[in-house]
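What the coordinates show
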Amino acid sequence: MSTILAFDFGTSHIGIATGSSFTKSATPRQALKARDGIPDEISLNKLMKEWQPSKCVVGLPLNADGTEQDMTKRARRFGNRLSQKFKVKVEFVDERYTSVAAKEHIFSQGGFRALVSDKGRIDSESACEILEQYFAEHDDE
């Protein structure tokens, strides 16, 4: 059994979810604050030390037709930095429509007020969607 961290890359918040390769379930965590896509280094270091993931999964924001955009390149750079700095394997997952699914999930639990109360919550729910999609695509782990 191993722990996997998932990231929903963004310029002001980076959503976080933790998951287990055994249960293939994901749990949202507190999003990291970021400045132009660069997360708070102390918070990121603490997160990686606390969870000691065997792998990280980073969502790739693609256009509806599957082509890459500027944010795709930035998310790849973020994942590559994670890999280099923390010596952890990073995999990328197409994250199209994960924000929509996350918003629907949050809305179903608390209505409109829940949606607008915490932007980071949407990002972390999106990270859950990303990780669950990863588990669905990699059922051999």
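Below or above, wherever it landed, is the structure these notes cover. Predicted model only: the values in this text are computed from it and were never measured. Each chain carries its own residue numbering, running from 1 in the direction its sequence is written. Given that the model is predicted, a residue must reach a pLDDT of at least 70 before its local features are reported, and side-chain atom pairs must reach 80 or more before they are shown or counted; all residues, however, enter totals for whole chains, interfaces and linings. Excluded from the side-chain calculations are hydrogens and water; all other atoms, namely the structure's heavy atoms, are used.

1. Some details on the pattern of salt bridges
Salt bridge criterion: a side-chain nitrogen from Lys or Arg within 4 Å of a carboxyl oxygen from Asp or Glu. For the structure shown, the criterion picks out five salt bridges. Arg76 is paired through a salt bridge with Glu68; the nearest N and O atoms lie 2.6 Å apart. Note that Glu91 is salt-bridged to Lys89, the shortest N-O span being 3.3 Å. Members of the salt-bridge network, linked through shared partners, are Lys55, Lys89 and Glu91.

2. A few points about the environment of Thr67
By the secondary structure assignment, Thr67 is in the loop between strand S5 (55-60) and helix H2 (70-86). Burial status follows relative accessibility: with a 1.4 Å probe on protein chains alone, a residue under 20% of its type maximum counts as buried, one over 50% as exposed, and anything between as partly exposed. For Thr67, a relative accessible area of 38% translates into the label partly exposed. Polar contacts, as used here, are pairs of N or O atoms within 3.5 Å; protein pairs need one atom able to donate a hydrogen and one able to accept it. Residues neighboring in sequence count only if both atoms are side-chain atoms. Within the local environment of Thr67, its side chain forms a polar contact with the side chain of Asp65, the two groups lying 2.6 Å apart. Per the convention used, a helix needs a DSSP run of H or I reaching at least four residues, while a strand needs a run of E reaching at least two, with both numbered from the N terminus.

3. Here's the deal with the side chain of Lys55
With respect to the helices and strands, Lys55 occurs in strand S5. A polar contact is formed between the side chain of Lys55 and the side chain of Tyr134, at a distance of 2.8 Å.

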